[in-house]
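Single-letter residue listing:
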Amino acid sequence: MSMGNKRTHLDLAKFRGRLQKSGGREYWKSLEDLWEDPEFSALIGQEFPQQAMRSANGFDRRNFLKLMGASIALGGLAACSRPAGVIVPYVDKPEEIVPGRPLFFATAMAMGGFGSGVLVESHEGRPTKIEGNPDHPASLGATDAWGQASILSLYDPDRSQTVMRLGVISTWTEFQAALQPVLQRLRQQGGAGLRLLTETVTSPTLGAQIEAFLGNHPGAVWHQWEPDSLDNVREGSRLAFGTYTNTVYRFDQADVVVSLDSDFLSSGPGHVRYTRDFMTKRRVRSDRKEMNRLYAIHSTPSPTSSIADHRFAVRPSEVESIARELAAGLGLGASAAAGERAHWIGAIARDLQQHRGASIVIAGPEQPPAVHAIAHAINGALGNSGRTLIHTDSPEVGPVNQLASIRQLAADIDAGSVEALLIIGGNPVFTAPADLAFGERMNRVPFRVRLGDDYDETSLVSHWHLPQTHYLEMWSDVRAFDGTVSIVQPLIAPLYNGRSPHELMALLNDDANEPYEIVRSHWRRQAGAGFDQLWRESLHRGAIAGSPLPARALTAAMPPPPDSPAAASPALELVFRPDPTIRDGRFANNGWLQELPKPLTKITWDNPALLSPSTAAKLGLADGEMVRLHHRGVEIEIPVFRVPGHADDVVTLHYGNGRRRVGRVGEGTGFDVYPLRSSAAPWIDSGVRVEKLGRTHPIASTQLHQMLETSDYDRRSLVKSGTLAGYLKDPSLAPHHEEGAPVHHEQGIDEGPTLYPAWKYDGYAWAMAIDTNVCTGCNGCVIACQSENNIPIVGKEEVLNHREMHWLRIDHYYKGTPESPESFHQPLPCMHCENAPCEPVCPVEATSHSSEGLNEMTYNRCVGTRYCANNCPYKVRRFNFFDYSDYATESLKPMRNPDVTVRTRGVMEKCSYCVQRINQARRDSEREGRTIRDGEFTTACAAACPSEAIVFGDKNDPKSLVSRLRAEPAHYGLLVELNTQPRTTYLAALRNPNPEIEAE
């Protein structure tokens, strides 16, 4: 981690010597911190970094304009500081709408073709917030950062708004007139020459429409392409079973999990559900003293590997041989482990044997098919099939191997056999393998049509660009990871004259029905006589009952060994991954996601090449140094960034940034690494050469922002962790010296002498407990808070000045060596202290204490002295240095939560425990003559959390979950020695290491 891209070359031997001297119990946040760099010591000694005191001087006109027009809050000087408009009452108010009372509707969001159930909050016809649908198997009430941020994409003013013909505004009528003669000619030749290119399709209705079109045009061909498709997963199943299958994992039934380079807790079609299930086996309580065990064999650190009990950083090319050695340890094959890894592979194999039928081995989608086939064979040999996992038919329709499909399309274009190309969604000119030169090939097609969200790189080389509807604007259906079908229903009429894929296919099929009737007709045919009831229940629940795909009984075979095992190579390996926040580039114009600190690295607005500290030291590189990567005759320039726990001799590149044609937020942000990604090796490659360029690039990482620690003493009091075995001996996990004496004594969280007023709570006393043992640092809570509370973004320059506005941050700590450190995630909202240091120093009483224990902010009183921020030891208060919120852009106005107070420049902001939700629950309970029930409502961050790490409730209620968690022996508070008596408290993080394996 860097401090302003300081060019520090590190002495790793000095690191290890210090760790040995400290007994390995020390927590650290960056490599400079571990090295005891003098500049780092000076930085944490400052109450506020110098960067946070700077003015906004230095904004050039281009950045100013780019930030001005953008997403919910793009920095710069807003045209007006308060919303303007005329309030017009209803003439005839709809019966179901009560002003100020939101409604919720069930629908589903598709990502990578797979759906996740959501509930959409609507204020008088305006969608304002996304929540998880508790009745949907893919979400169980939780969401991820992309689902939360999708509301911003709906209102994005840069979304495509008009039909374009060769870059000139046109109309749908003119497009239809141009399409008809082309279709007429192609029909006469049976559709030969027509190609349809889509992203992954799981929609039964859209699949049926396309199949109907192909049935009437047998010469037409359907292709699919997504840069993070599941080709390897599907080909691996075919290699193991002889047929394409889908695997559904049941992590709530598994005691031992082995990840073969799989980040199953933060990516993939079922990751939200998998996180919820996995964590049911991870929690340790007074009445449940068991937990699962996770082994992570990985190349690039991820949220999944960050919570593993054992982490093994290896080159990606080594994973297959490790998988074969693990299989041999279980009696499959003959690739016996040798060398230094024989010990831990043998220990993992024995652990799996002891948990037959209660274990899972899962391979990452980036790994080749052979690794997936080996994982299937191991699961079959352990008796896991039918218990901890099931196999079903694939939910996708259309071409299965998308890489082969896009290659075939390129070959057909070269052969001159493609006369018309219709592209639905996706952005293949930007995302297709570079060696296919898809943009150049498209120019050879006589008739090119693209239906998409943005006028982007693909639209630029199309004859016709058609604006596509957002999923909150259309009727459709979609399958989830297990095959469950959801009806996608619109929450709002299309804002920008867009059309859905169903409407385009209806046009091709000469179907005059509207999308609503198209979807209904499909399911009417499926349901028969019981359709009306099925339809109503499906819209209400958000999922069609009985639609999950049935399990199949299959037997896996071990794949044959390679003809000639690859010899170890000293060359650097390349690893390609979708960006942790903007994915393959589809969210590049979403300011919330661009400014969201990426898990582990905390980088915003960028995608540097990631290296291990050892590899960076060998190459003489520090954070932010620009390099030129040479590979397969292609060169790109990109900065580097060191990541503890990263595999040596490996370069990780996150694709999706560096867009050349996108909205004002994302255009030119980051670096385009797609030119290095070839169809021959789309995920893992070797032979890259690194050339230093002698200049630097500023990287806005928030890892060292708002630091609490000022000494080693404070550092030990910030994070509490231990092992399951240690917890069973001493559930309080009190730290000790080597001699056995406690390091320090913590005062009780809710007691201690004080000069503050003695608050008495006869009613509710709100509190929050956060279980760091199950937090993966996924950031879903951060975006949920941003969406709920109308929090602005500020842009990269202001992030570099330490001025990000997030009310909730996730502090990330390391423990151990830079080669294989443990990671700990600690979400930090406002502590809502009982003895709040911020309250007595406010000269205008803008910050005050409520009768229910909340530390409140009265924004229109605040005069911006910032005394409260100076006095806050937790650094959770944010100051509006400028008018970051964009109140001028019309399309953004309907998005904002009307229950949250408007803030302008010059005031302090912070977490309010979602007081608007508290007030709504209070009104409901008072109207019904009762008290608020535990779990009746919760904060936005807790509602979004897939792992249920955040719990909110009334600590005065002894039966509430938050009260029970606060009574746990592993419960602790931050900086309680200051006697702040925080209402936000924590449960310690535990690991469950295998006693056979030495601590890594």
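Not measured: the values here are computed from a predicted model.

Peer 1: Give a detailed account of the overall build of the protein, specifying residues and quantitative values.
Peer 2: Across its full length, the protein holds 30 helices and 39 strands. Every one of the 1000 residues in the protein was classed for burial, and the buried ones make up 63%. The long-range share in the protein, meaning contacts at least 24 apart out of those at least 6 apart in sequence, stands at 75%. For the protein, the exposed area adds up to about 36,400 Å²; of that, 52% sits on carbon and sulfur atoms.

Peer 1: Give a detailed account of the nonpolar core, specifying residues and quantitative values.
Peer 2: Counting 95 residues, the largest nonpolar core has L593, W766 and Y874 as the members making the most contacts within it. The leading source of residues in this core is helix 5 (residues 145-155), at 7 residues. What Y874 contacts, discounting residues up to four positions off in sequence, is L708, R809, L828, M831, C833, L974, L975, T980 and P982. In this structure, V258, L326, L332 and I348 belong to the second largest nonpolar core, which totals 29 residues.

Peer 1: A description of the packing of aromatic side chains should follow, citing residues and the corresponding values.
Peer 2: Tallying each qualifying case throughout the model produces 25 aromatic pairs. A ring pair is formed by F251 and Y274, whose centres lie 5.1 Å apart and whose planes are at 70°; its orientation type is edge-to-face. Residue F251 is found in the loop between strand 9 (246-249) and strand 10 (256-260), and its partner Y274 is found in helix 9 (residues 271-280); the two are separated by 23 residues along the sequence. Given the relative accessible area of 0%, F251 is considered buried. According to the relative accessible area criterion, Y274 is buried, its value standing at 7%. With a centroid separation of 5.4 Å and 80° between ring planes, the pair formed by Y274 and F481 is classed as edge-to-face. Of this pair, Y274 sits in helix 9 while F481 sits in the loop between strand 18 (476-479) and strand 19 (485-488), and the two are 207 residues apart along the sequence. For the pair Y274 and F481, a shared accessibility class is recorded, and that class is buried. An aromatic cluster is defined as three or more aromatic residues linked by ring pairs; in this entry it consists of Y249, F251, F264, Y274, F278 and F481. Positioned over the ring face of F881 is R803, at 3.9 Å from the centre of the ring. A cation sits over an aromatic face here: R866 above F879, 5.2 Å from the ring centre.

Peer 1: So what's going on with the side chain of R341? Residues and values would help.
Peer 2: With respect to the helices and strands, R341 occurs in the loop between helix 11 (319-329) and helix 12 (342-353). Residue classification places R341 among the buried positions, given a relative accessible area of 17%. Side-chain polar atoms of R341 contact the side chain of E325, separated by 2.9 Å. Setting aside residues no more than four positions away along its own chain, R341 makes contact with E318, S321, I322 and E325.

Peer 1: Mind laying out the packing of helix 7 (residues 204-216) against helix 19 (residues 515-527), listing which residues take part and the relevant values?
Peer 2: Relative to each other, helix 7 and helix 19 sit at 90°, their axes nearing to 9 Å. Classified by the angle between their axes, helix 7 and helix 19 sit roughly perpendicular to one another. Judged by residue contacts, P204, T205, A208 and Q209 of helix 7 engage I518, V519, H522 and W523 from helix 19. Split into classes, the residues belonging to the contact of helix 7 with helix 19 amount to 5 nonpolar, 3 polar and no charged.

Peer 1: Give a detailed account of the sheet that holds strand 2 (residues 103-111), specifying residues and quantitative values.
Peer 2: By definition, the strands of a sheet pair up through backbone hydrogen bonds, in either a parallel or an antiparallel sense. Taken together, the 3 strands give an open sheet; going across it, the order is 2-3-4, and neighbouring strands pair in antiparallel fashion. Every interior strand has two partners, whereas the edge strands, strand 2 and strand 4 (126-132), have only one. Averaged over all neighbouring strand pairs, the angle between strand axes comes to 40°, with direction disregarded. Two strands pair when backbone bridges link them, and strand 3 (residues 114-123) and strand 4 are joined in this way by 6 bridges, in the antiparallel orientation. Within the sheet, the bridge partner assigned to E121 lies in strand 4 and is K129.

Peer 1: Could you give an account of the pairing of strand 30 (residues 809-815), with specific residues and numbers?
Peer 2: Burial runs high along strand 30: 7 of the 7 residues are buried. Neither face of strand 30 is exposed, since R809, D811, Y813 and K815 on one face and I810, H812 and Y814 on the opposite face are all buried. Looking at chain direction, strand 1 (residues 27-28) and strand 30 are connected through 2 bridges and run antiparallel. Within the sheet, the bridge partner assigned to W28 lies in strand 30 and is Y814. Pairing analysis gives 7 bridges linking strand 30 to strand 31 (residues 822-828), with the strands arranged antiparallel. Note on strand 31: the bridge partner recorded for R809 is L828.

Peer 1: Provide a residue-level description of the pattern of salt bridges, including the pertinent values.
Peer 2: In total, this model carries 57 salt bridges according to the counting rule given. Two residues, E996 and R350, come together in a salt bridge whose shortest N-O distance is 2.8 Å. On the criterion of sequence distance, the pair formed by E996 in the segment after strand 39 (989-991) and R350 in helix 12 is long-range, its members being 646 residues apart. A salt bridge links D606 to K796, with the nearest nitrogen and oxygen atoms 2.6 Å apart. Placement of D606 in the loop between strand 21 (603-604) and strand 22 (609-611) and of K796 in helix 26 (residues 796-800) is noted, with a sequence separation of 190 residues between them. Here the two residues D606 and K796 agree in accessibility, since each one is buried. Connected through salt bridges with shared partners, the residues R628, E635, E637, E691 and R695 form a single ionic network.

Peer 1: Tell me about the sheet that holds strand 5 (residues 163-165), and name the residues and values.
Peer 2: Across the sheet, 7 strands lie side by side as 6-5-17-16-15-7-8; this open sheet has mixed pairing. Strands at the two margins of the open sheet, each flanked by one partner only, are strand 6 (168-170) and strand 8 (221-224). For this sheet, the mean angle separating the axes of adjacent strands, direction not counted, is 20°. Pairing between strand 15 (residues 420-424) and strand 16 (residues 447-452): 5 bridges, direction parallel. Across the sheet, L421 pairs through a bridge with R448, a residue of strand 16. Along the sheet face, helix 7 touches strand 7 (194-198) and strand 8 and points at about 145° away from the line of strand 8. Sheet contacts for helix 14 (residues 402-414): strand 7, strand 8 and strand 15; angle to strand 8, the most-contacted strand, approximately 125°.

Peer 1: Explain helix 9 to me, using residue names and the numbers behind them.
Peer 2: Of all the 10 residues making up helix 9, 8 are buried; the element is thus mostly covered by neighbouring parts of the structure. Buried residues belonging to helix 9 abut helix 5, strand 9, strand 10 and strand 11 (293-298).

Peer 1: For the pairing of strand 9, give the residues involved together with the corresponding values.
Peer 2: Burial along strand 9 is two-sided: N246 and V248 and T247 and Y249, pointing in opposite directions, are all buried. Judged from the 4 bridges that link them, strand 9 and strand 14 (residues 389-392) form a sheet pairing that is antiparallel. When the sheet's bridge partners are listed, T247 is paired in strand 14 with H391.

Peer 1: Tell me about helix 7, residues and numbers included.
Peer 2: Each full turn of the α-helix corresponds to 3.6 residues, which orients residues three or four apart in the same direction. In this model helix 7 runs 18 Å from its N-terminal to its C-terminal C-alpha over 13 residues, within 8% of the 18 Å that 1.5 Å per residue would give. Along helix 7, the residues classified as buried are P204, T205, L206, G207, Q209, I210, F213 and L214. Buried residues in helix 7 make contact with strand 7, strand 8, strand 18, strand 19, helix 18 (501-508) and helix 19.

Peer 1: An account of the packing of helix 11 against helix 13 (residues 369-381) is requested, with residue identities and associated values reported.
Peer 2: Closest axis-to-axis distance for the helix 11/helix 13 pair is 9 Å, and the angle between their directions is 20°. If you check the angle between helix 11 and helix 13, you find them roughly parallel. Of the two elements, helix 11 crosses helix 13, and the hand of that crossing is left-handed. From helix 11, V319, E320, A323, R324, L326 and A327 reach across to helix 13, where they touch A370, V371, I374 and I378. Considering only residue class, the contact of helix 11 with helix 13 consists of 8 nonpolar, no polar and 2 charged.

Parameters at a glance
Residues numbered from 1 in each chain as written. Predicted model: local features only at pLDDT ≥ 70, side-chain atom pairs only at ≥ 80, totals over all residues. Heavy atoms only, no water. Helix = DSSP H or I, 4+ residues; strand = E, 2+ residues; numbered from the N terminus. Buried < 20%, exposed > 50% of the residue type's maximum accessible area, 1.4 Å probe, protein only. Contact = heavy atoms within 4.5 Å. Areas by Shrake-Rupley, 256 points an atom, 1.4 Å probe, with all protein chains shown as cover. Core = buried A, V, L, I, M, F, W, Y, C linked by side-chain atoms within 4.5 Å. Phe/Tyr/Trp six-rings, centres within 6.5 Å; stacked < 30°, edge-to-face > 60°. Lys NZ or Arg CZ within 6 Å of the ring centre and 35° of its normal. Polar contact = N/O pair within 3.5 Å; in protein donor to acceptor, adjacent residues only side chain to side chain. Axes fitted to C-alpha atoms, helices over the stretch in contact; angles between N-to-C directions. Parallel < 35°, antiparallel > 145°, perpendicular 65-115°, else oblique. Nonpolar A, V, L, I, M, F, W, Y, C, P; charged D, E, K, R; others polar. Pairing = 2+ DSSP bridges. Salt bridge = Lys/Arg side-chain N within 4 Å of Asp/Glu carboxyl O. Expected span 1.5 Å × (residues − 1). Left-handed = near helix turned anticlockwise from the far one by under 90°.

Scope: geometric values only; no functional claims are made or implied.
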